Amino acid sequence: MLRGIDVSAYQSSSYSTEGLSFVFVKATEGRTYVNPKLSAQAKRARDAGCVVGFYHFLWPGNLTAQAEYFVSKAPEKAGDILAVDWETTSDGTHASNAEKDRFIRKVKDLRPNNRVVLYANRHYWLNIDDTSYDGDGLWIADYVTAGKPRIQADWRFHQYTDDPLDKNVADFASKAALREWATP
């Protein structure tokens, strides 16, 4: 298992990269928010030789506009991974299954040279999702032993804790294997 983290504006731009193979950086949310630390956090990961991913926090509605906004703000580099963060919004709503699926497909259309994955927690995957569409792979959040999420589906990334920050593992034999997969 490879080790990685995900960061947002809540984390420093000088986070530790020791022992990490990958870092996901929050890029955008909805159609108006951009992580003010996006560039610095991505540079930190790249400078450490990590595979880099960017994620968008999905809101219901305006899926095409959200997808276009996301790809306009996330750096465009071959081998970077793009992700949609599908969970409950601050106002208690969430994008529907159809909206989640349309968003992933639109991002894949806009960025055919990048892998696009779905981030969802175990509850969403087991109880809200009814299509099992995850683009190029599933990034599952389930706070249990690293690499042992309690789901039956294949997964690529597993967020296993948020204490003291979001820690993840990836189901790849090596960083080289992750890099090869990340460049379709």
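Above this text is the structure in question.
The rules behind these values
Residues numbered from 1 in each chain as written. Predicted model: local features only at pLDDT ≥ 70, side-chain atom pairs only at ≥ 80, totals over all residues. Heavy atoms only, no water. Helix = DSSP H or I, 4+ residues; strand = E, 2+ residues; numbered from the N terminus. Buried < 20%, exposed > 50% of the residue type's maximum accessible area, 1.4 Å probe, protein only. Contact = heavy atoms within 4.5 Å. Areas by Shrake-Rupley, 256 points an atom, 1.4 Å probe, with all protein chains shown as cover. Lys, Arg positive; Asp, Glu negative; His and termini not counted. Charge placed at Lys NZ, Arg CZ, Asp CG, Glu CD. Core = buried A, V, L, I, M, F, W, Y, C linked by side-chain atoms within 4.5 Å. Expected span 1.5 Å × (residues − 1). Right-handed = clockwise from strand over helix to strand, strands pointing away. Pairing = 2+ DSSP bridges.

Draft legend 1. Broad picture of the overall build of the protein chain. On a plain count of helices and strands, the protein chain comes out with five helices and nine strands. In sequence order, the secondary structure elements of the protein chain are arranged as β-β-β-α-β-α-β-α-β-α-β-β-β-α. With the C-alpha coordinates of the protein chain rotated into their principal frame, the extents come out at 40 × 35 × 30 Å. For the protein chain, the proportion of its 184 residues judged to be buried stands at 51%. Contacts in the protein chain between residues at least 24 apart in sequence constitute 61% of all its contacts with a sequence separation of at least 6. Summed over its atoms, the accessible surface of the protein chain is roughly 8400 Å², and 45% of this surface lies on carbon and sulfur atoms. The protein chain carries 23 positive and 24 negative side-chain charges, and their two centres are separated by 5 Å.

Draft legend 2. Molecular detail of the nonpolar core. Within the largest apolar cluster, 38 residues are counted, with the highest numbers of intra-cluster contacts made by Val 23, Phe 54, Phe 70, Phe 103, Val 107 and Leu 118. Top contributing element to this core by residue count: helix H2 (residues 63-73), with four residues. Sequence-distant contacts of Val 23, defined by excluding residues within four places in its chain, comprise Ile 5, Val 7, Tyr 15, Ala 45, Cys 50, Val 51, Val 52 and Gly 53.

Draft legend 3. Examining helix H3 (residues 97-110) more closely. When the terminal C-alpha atoms of H3 are compared, their 20 Å separation across 14 residues agrees well with the 20 Å that a helix rising 1.5 Å per residue should span. For H3, the full list of buried residues reads Asn 97, Glu 99, Lys 100, Asp 101, Phe 103, Ile 104 and Val 107. On its buried face, H3 is in contact with strand E4 (51-57), H2, strand E5 (81-85), strand E6 (115-121) and helix H4 (122-128).

Draft legend 4. Main features of the side chain of Arg 111. Residue position: Arg 111 is located in the loop between H3 and E6. When its relative accessible area of 3% is taken as the criterion, Arg 111 is described as buried. Once residues lying within four places of it in the same chain are set aside, the contact partners of Arg 111 are Val 71, Ala 74, Pro 75, Glu 76 and Leu 82.

Draft legend 5. Representation of the pairing of E6. Counting buried residues along E6, six of its seven residues qualify, which places the element largely inside the surrounding structure. For the handedness criterion, the β-α-β arrangement of E5, H3 and E6 is classed as right-handed. Bridge count for E6 against strand E7 (residues 138-141) is four bridges, and the pairing is parallel. Looking at E7, one finds that Leu 118 is bridged to Leu 138.

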